[in-house]
Amino acid sequence: MKAMALTGINKMELVNIPKPQISKPNEVLIKIDTMCVCGSDIHYYTTGRIGGQVVEYPFTVGHECSGIVESIGSAVERVKPNDRIAIEPAVSCGLCDQCNSGRPHTCRSLLFLGCPGQLPGCLCEYLIMPESCCYPIPDGLTLYEAAFSEPLAIGVYAAKQANLQPGATVGIFGAGPIGLCTLMAAINQNVTDVYITDKLEYRIDLAKQFGAKWGGNPITQNIVESISNLEPHLLDVVFECCGDQDALDQSLQLLKPGGKLLIVGIPEVDRVSFCIDELRRKEIHVINVRRQNHCVLSALDLIQSQRFKIDETATHIFPLKQAKEAFDLVSEYRDGVFKAVIKVT
């Protein structure tokens, strides 16, 4: 089968690799239809690593995907051949202390699609996944929406971890795909006053279309001053979705005492810092959001509600052989790209 493999920093090649075969009764062979480029894919493409997860070339990335069931193992009951499915990219063991305590996303033996040292990614024609990671989708959903359920599930989980209350004032720093997904999840919990920031104006405009009350650009505006003028009592919750030190600093300044800071974005550096005086004095709760946890079905339900026009987030579409062009486009923030989509088949 064909696959696009990373072969070096900012390098990618179309290769032929063996088509995977079902070897366990709970496995599903999936013909990949749609793959969306994620920010973590770009980290691997441009730097070859995220923290201690270092790429060994050649390596296939990608984890936001959907497809059609080709065949199933003898014990599979949830899906059948020709079903269109959304795919949960995390494979947990179901046996360790983390899985048994309701935390499969931090499983001691977690395997994740497109993560070095764990599983090769979905930027290929066929993929094997356990039945537990396969979710059939209704006829009304597109395969792009099915793939988008992966980042949306992260936003849903972030909002769940924040325990958002109706009427809460919320900041979202970073209006990329994860920031927008968090915005949708927050609005779905009846939060109306959402303040969002980004360095790209077109992303701010899209966030406003999806329901943000206010949007600001930290390059041209004083974010702390602007939001505090609008919300003198400051914010209940801030979601940091861009992995940026300045955004973390702004978060602490804008949170009210007892507020919650949820770190959703992935920094490109190994260490970040906080003003400990402000963190301690305000008794700020810092919560890390690690991917998603039991939120795929909730994300699919949110998409199916048609409250948001998910398909409008797909700004660029490429065939598999042009995947490098998609990665370059996203890494360079060119041409108003929001979500680059690769149609594999």
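These numbers were taken from a predicted model, which means no experiment stands behind them.

Turning next to the overall build of the protein. A tally of regular secondary structure across the protein gives 10 helices and 19 strands. Scaling as 2.2 N^0.38, a compact globule of 345 residues should have a C-alpha radius of gyration of about 20 Å, and the protein matches this with 20 Å. Based on the C-alpha atoms only, the size of the protein along its principal axes is roughly 60 × 40 × 40 Å. By residue count, 55% of the 345 residues in the protein fall in the buried class. When contacts within the protein are restricted to residue pairs at least 6 apart in sequence, those whose partners lie at least 24 apart make up 69%. Charged side chains in the protein number 31 positive and 39 negative. The centres of these two groups are separated by 2 Å.

Looking at helix α1 (residues 39-47), one finds that the buried residues are Ser40, Asp41, Ile42, His43, Tyr44 and Tyr45. The inward-facing, buried residues of α1 abut β1 (2-8), β2 (11-16), β3 (27-36), β4 (49-50), β5 (53-54) and α10 (323-331). Positive backbone phi, at 80°, marks Gly48, one or two positions downstream of α1.

Under the defined criterion, the tally for this structure stands at four aromatic pairs. With a centroid separation of 6.2 Å and 50° between ring planes, the pair formed by Tyr195 and Trp214 is classed as tilted. In this pair, Tyr195 is assigned in strand β13 (residues 193-197) and Trp214 in strand β14 (residues 214-216), connecting sequence segments 19 residues apart. When the ring of Phe210 is compared with that of Phe308, the centres are 6.0 Å apart and the planes differ by 5°; the resulting orientation is stacked. Of this pair, Phe210 sits in the loop between α5 (201-209) and β14 while Phe308 sits in the loop between α9 (296-304) and β18 (314-319), placing them 98 residues apart in sequence.

This part covers unusual backbone geometry. The linkage connecting Tyr57 with the following residue, Pro58, adopts the cis geometry, with an omega of -10°. Within the fold, Pro58 resides in the loop between β5 and β6 (64-72). Its identity as a non-glycine residue notwithstanding, Asn163 has a phi of 50°, on the positive side. Here Asn163 is to be found in the loop between α3 (143-162) and β12 (169-173).

A sheet is described by the order of its strands in space; here six strands give the open sequence β14-β13-β12-β15-β16-β17, paired in parallel fashion. Two strands bound the open sheet, and with one partner strand each, they are β14 and β17 (285-288). The average angle at which neighbouring strand axes cross in this sheet is 15°, direction not considered. Bridging between strand β15 (residues 235-240) and strand β16 (residues 255-263) involves five bridges; their strand directions are parallel. Paired with Glu240 across the two strands is Ile263, which belongs to β16.

In this fold, Asn188 is placed in helix α4 (residues 177-188). Residue class for Asn188 comes out partly exposed when judged on its relative accessible area of 36%. Between the alpha carbons of Asn188 and Asn293 there is a distance of 18 Å; along the sequence they are 105 residues apart. Sequence-distant contacts of Asn188, that is, excluding residues within four places in its chain, are made with Leu302 and Arg307.

Oppositely charged side chains may form a pair once their charged atoms are brought near each other. By the definition in use, this model includes 14 salt bridges. When the shortest N-O distance is used, the salt bridge between Arg203 and Asp198 registers 3.9 Å. As far as the burial class goes, Arg203 and Asp198 line up, both buried. For Asp328, the salt bridge goes to Lys324, with nearest N and O atoms at 2.9 Å. Remark: Lys324 and Asp328 occur in helix α10; sequence separation between them is four residues, near one turn of the helix. Owing to a relative accessible area of 16%, Asp328 belongs among the buried residues under this scheme.

Here is what the cut-offs are and how they apply
- Residues numbered from 1 in each chain as written.
- Predicted model: local features only at pLDDT ≥ 70, side-chain atom pairs only at ≥ 80, totals over all residues.
- Heavy atoms only, no water.
- Helix = DSSP H or I, 4+ residues; strand = E, 2+ residues; numbered from the N terminus.
- Rg over C-alpha atoms; globule rule 2.2 N^0.38 Å.
- Buried < 20%, exposed > 50% of the residue type's maximum accessible area, 1.4 Å probe, protein only.
- Contact = heavy atoms within 4.5 Å.
- Lys, Arg positive; Asp, Glu negative; His and termini not counted.
- Charge placed at Lys NZ, Arg CZ, Asp CG, Glu CD.
- Phe/Tyr/Trp six-rings, centres within 6.5 Å; stacked < 30°, edge-to-face > 60°.
- Pairing = 2+ DSSP bridges.
- Axes fitted to C-alpha atoms, helices over the stretch in contact; angles between N-to-C directions.
- Salt bridge = Lys/Arg side-chain N within 4 Å of Asp/Glu carboxyl O.

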